[in-house]
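Each chain is listed here by its residues.
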Amino acid sequence: MNTLLLLTPLAAPLLAAALYAAFGWRRATAHADTAAAALILAAGIALAVRVMRHGSIDLLGGWLRADPLAAFMLMGIGTIALLAAATSPAYLAAAHGPDAEPGQITAAANRRYGALVACFLAAMSAGALAGNLGLAWIAIEATTIVTAFLVGHTGTRAAVEAAWKYTVICSVGIALALLGIIVLYAAARHAGLSESAALDFRTLAAHAHALDPAVTRMATALMILGFGAKAGLAPLHAWLPDAHSQAPAPVSALMSGVLLPVAFIQILRVKTIADDALGAGFTRALLLTMGLSALALAALLLIAQRDYKRMLAYSTMEHMGLVTVGAAIGSRLAMAAVFLHIAGHGLAKAVAFITSGHIQHAEHTTRIDQVKALAARQPVVAGIFAAALLALLGFPPFSLFASELALARAGFAAGLGWPVAAAFTLILIALAALVTHTAAMLLGNPEGGGRPAASDALNLTARTPLITALVAVGALGISAWPISSLIATAAQGGAR
Amino acid sequence: MNGDAELLDLAAGAFLLAAVGVLWRRDLTAQTSLLAVQGFALAAIAVILGADQAHPELYAVAAGVGLLRGAVLPALMRRAVAARATDRETRPLMNVGASLLSAAVLVLLAYAVSQPLVRLLGTASARALPMGLAVALIGLLILVTRRKALSQITGFLLLDNGITAIAFLAAAGVPLLVELGVSFDLLLAVLVLRVLTTRMRALFGDTDLDDLRELHD
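These numbers were taken from a predicted model, which means no experiment stands behind them. (Residues numbered from 1 in each chain as written. Chains lettered and ligands numbered in written order. Predicted model: local features only at pLDDT ≥ 70, side-chain atom pairs only at ≥ 80, totals over all residues.)

What chain B contains, in helices and strands, is eight helices and zero strands. In chain B, which comprises 217 residues, the share counted as buried stands at 49%. When contacts within chain B are restricted to residue pairs at least 6 apart in sequence, long-range pairs at least 24 apart make up 71% of them. (Helix = DSSP H or I, 4+ residues; strand = E, 2+ residues; numbered from the N terminus. Buried ≥ 20, exposed ≤ 12 C-beta atoms within 10 Å, placed from the backbone. Contact = placed C-beta atoms within 7 Å.)

Structure, rendered in structure tokens:
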């Protein structure tokens, strides 16, 4: 049973990918990704229950390991993938236009889309379940490789450019992480660990005190920088706005909602080892610097932003920055808030990106100043977009309000008042920028220069998953009971 | 043992020289040949370590490394170079003299930075380790200062070769399964970049990264 549960999140999407490769994108296969996502979610929930009852589960000699953190990430991957996959058929249909011939090119592009999204899900599941630094590295690099063509899906100049930058920057970042892993491996072998144990997260954490501090410091810095590139943290963040703005909307949703957090939890796993070997000061300083610089960059670039998909991308960078500051605080309260924030942000940002795809198709532009009076012309789309942004800005009752409040409290309790105050000042700047830009898109007089009302408003099947997700974010804000004990246990594992 | 250590230094020296050569030559064909030389030097390092430490598994790894980094990846690059009109790096951000000078600085930096690791391990092979790090740093330098898309792939390959060399010299390679996964990922990443350069050439004409100006804030 455990074997089945641990292998399902990898096997189900790979099977879906094989289906697309064999049969292409048809009416019968269009929801294979959705089915795979549902299976990942189901496996995540089942694993969460078992892990909470019986402790973590190892498979294949510890290469795959389900602990509370992994189960939490799997649930996140399943939920957001469900949202993205359920809205993908509508997105692809609209992307090719109502009058586009269902010709050879479209069919090939759609087949590739379906297969690559499925592989992407498998790679992220592997990243969540990795019990070993080597597998974690391979999984994260694999996400870069399969998403490169998803970013370049539309085949325009801008899309190919974004795909190029994405592949080069993320590959370089992850190469730095590999160097860090090798250095840590050398230190662990020198400390007497066997070949197979020297990359295992749990064994490394247990023997952290035996690692040479100077070498471990070097390895930690390299790994955090490297995995940080994939988590959208400075200094290797430049791929993020380009890739998010050019990728198809459901893929942007997956990248923002789960890919970045999956890379981020590798940082947390590295931090657990490093803190035992070096004390909390080293990773704290590193993470505070990276988190605050991501926040500062995002806030500055949000102010003059002209493209609403890039705006959402920078907002993601802002939230990852905040989460990183939370990890730097590192107390149990802070870590629980970090996980709640990752869940709430993932859902809300996925809704925002998917809605932005609808706006893009209806308005034929991604420029903020060319979209006006959306609230009057497309009330449903505008309403969902506005609600998602309110959630992202941290307004109650959405869960981001609760998690930001908890992060602030944890920061002051840990004596990190100044950095936390700086972080929230930057968040306020970002909030002001986001409100201004969004208001310009949504409000205004429909006669005053806006385009005529688009006929294809969001239909019921496209609208239901989005509204459900927003309700879920709101419900998490009022009571996190379905996941609170899981989050608390995961936080206990990561906190010191 | 002593002879082995000398051989190892020789191979590591050739490995580093190939990287400096890539930095020196602007001709993309010559760069590709140097990459092949470097791949074989890397395989030689693995063979010498395998003989030294009686570690027969390393022979298989060496064969794989030689095949992938000495033959397959350079061949992929060569085909890409053959398909393009101009095969010189015309406008790098740094001239040759400055590049070579920076390489010297990077080698010194590599020696300084890797001291803790060399001191910890204290083996003969670990003393050659800074050369691997120097190659990785030179790869980064090429990535930052060269503008042709193909030169950037070269830089990426240098970075990766350097890291693999460090893995051999510091710990006689990472576990075989991880090594396989890493190599497979590297191959795929280069293939992805190859496909993207082809697409970029179809869309932009030549693939000078300066033409990538669509996306900015």
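Let's shift gears to the overall build of chain A. Assigned secondary structure in chain A consists of 19 helices and two strands. What you see for chain A is a C-alpha radius of gyration of 22 Å, in line with the 23 Å of a compact globule of 496 residues. With respect to the three principal axes, the spread of C-alpha positions in chain A is 70 × 55 × 40 Å. Each of the 496 residues in chain A was classed as buried or not, and the buried ones make up 64%. For chain A, contacts bridging at least 24 residues in sequence account for 82% of all contacts bridging at least 6. (Rg over C-alpha atoms; globule rule 2.2 N^0.38 Å.)

Residues and elements named next belong to chain A. Across the junction of Ala-234 and Pro-235, the peptide omega takes the value 5°, indicating a cis bond. Looking at the element boundaries, Pro-235 is found in the loop between α8 (213-230) and α9 (239-246). Cis geometry marks the peptide bond from Pro-396 to Pro-397, where omega comes out at 10°. Along the chain, Pro-397 turns up in the loop between α15 (379-393) and α16 (399-413). Its identity is not glycine, yet Leu-60 carries a phi of approximately 55°, on the positive side. Relative to the helices and strands, Leu-60 resides in the loop between β1 (57-59) and β2 (64-66). Of note, the phi angle at Ala-373 is positive, near 55°, even though the residue is not glycine. Note on Ala-373: 21 C-beta atoms within 10 Å, which makes it buried.

Next up on the list: the packing of α15(A) against helix α18 (residues 460-478) of chain A. All names here are of chain A. For the pair α15 and α18, interaxial distance at closest approach is 11 Å and the crossing angle is 25°. For the element pair α15 / α18, the angle class is roughly parallel. Here α15 and α18 pass one another in a crossing that is left-handed. The segment α15 lies against α18, with Val-380, Ile-384, Ala-387, Ala-388 and Ala-391 engaging Arg-463, Leu-466, Ile-467, Leu-470 and Val-473. Grouping the amino acids of the contact of α15 with α18 by side-chain chemistry returns nine nonpolar, no polar and one charged. (Axes fitted to C-alpha atoms, helices over the stretch in contact; angles between N-to-C directions. Parallel < 35°, antiparallel > 145°, perpendicular 65-115°, else oblique. Left-handed = near helix turned anticlockwise from the far one by under 90°. Nonpolar A, V, L, I, M, F, W, Y, C, P; charged D, E, K, R; others polar.)

What follows is about α18(A). One turn of the α-helix equals 3.6 residues, which is why residues spaced by three or four share an orientation. Residue and element names in this part refer to chain A. The terminal C-alpha atoms of α18 lie 26 Å apart, and with 19 residues this matches the ideal 27 Å at 1.5 Å per residue to within 8%. Within the span of α18, buried status applies to Ala-462, Leu-466, Ala-469, Leu-470, Ala-472, Val-473, Leu-476 and Gly-477. Buried residues along α18 cover an arc of 150° about the axis, so they all sit on one side. Exposed residues pointing more than 90 degrees away from the buried face of α18 are listed as Leu-460, Thr-461, Thr-464, Val-471 and Ile-478. Next to the buried residues of α18 lie α3 (68-95), α13 (332-363), α15 and α16. (Expected span 1.5 Å × (residues − 1). Arc of directions from axis to C-beta.)

Before going further, it helps to examine the packing of helix α5 (residues 133-151) of chain A against helix α6 (residues 157-190) of chain A. All names here are of chain A. The contact between α5 and α6 brings their axes to 9 Å, and the two run at 175°. The angle between the axes of α5 and α6 places the two elements in the roughly antiparallel class. Facing α5, whose interface residues are Leu-133, Trp-137, Ile-140, Glu-141, Thr-144, Ala-148, Phe-149 and Val-151, α6 presents Ala-159, Ala-162, Ala-163, Tyr-166, Thr-167, Cys-170, Ser-171, Ile-174, Ala-177, Leu-178 and Ile-181. Taken together, the residues that form the contact of α5 with α6 break down as 15 nonpolar, three polar and one charged.

Facing the 34 residues of chain B at the interface are 37 residues of chain A. Looking at the side of chain B that touches chain A, the element that brings in the most residues is helix α8 (residues 176-204) of chain B, giving 13 residues. Residue classes in the side of chain B that touches chain A are distributed as 27 nonpolar, two polar and five charged.

With that out of the way, let us pick up the nonpolar core. Residues Ile182(A) and Ile45(B) are the most contacted members of the largest nonpolar core, which totals 293 residues. For this core, the element with the most residues is α6(A), which contributes 24 residues. If near-sequence neighbours (up to four positions away) are discounted, Ile182(A) is found in contact with Ile163(B), Ile166(B), Ala167(B), Ala170(B), Ala171(B) and Val174(B). (Core = buried A, V, L, I, M, F, W, Y, C linked by C-beta atoms within 7 Å.)

Attention now moves to helix α12 (residues 308-329) of chain A. The end-to-end C-alpha distance of α12(A), which contains 22 residues, comes to 32 Å, matching closely the 32 Å that a straight helix rising 1.5 Å per residue would cover. The buried count for α12(A) comes to 22 of 22 residues, which makes it a mostly enclosed element.

Moving on, we get to the environment of Asp9(B). When you line up the elements, Asp9(B) lands in helix α1 (residues 2-24). Asp9(B) sits 119 residues away from Ala128(B) along the chain, and the two C-alpha atoms are 6.4 Å apart.

Okay, the confidence of the model for chain B next. All names here are of chain B. Summary statistics for chain B give a mean pLDDT of 84 and a share of 89% for residues scoring 70 or more. Here α8 stands out as the element of chain B with the lowest mean pLDDT, 80, in contrast to helix α6 (residues 129-145), whose mean of 92 is the highest. As scored by the predictor, the complex reaches a pTM of 0.92 and an ipTM of 0.91. (pLDDT = per-residue confidence, 0-100.)

Across chain A, the average pLDDT comes to 90, with 95% of residues at or above 70. Summarising per-element confidence for chain A, the mean pLDDT is lowest in helix α19 (residues 481-494) of chain A (81) and highest in α12(A) (95).

All names here are of chain A. Following the sequence through the fold, Val-51 ends up in helix α2 (residues 32-54). Sequence separation of Val-51 and Pro-68 is 17 residues, and the distance between their C-alpha atoms is 6.3 Å. Setting aside chain neighbours within four positions, we find Val-51 in contact with Ser-56, Ile-57, Ala-66, Asp-67, Pro-68 and Ala-71.

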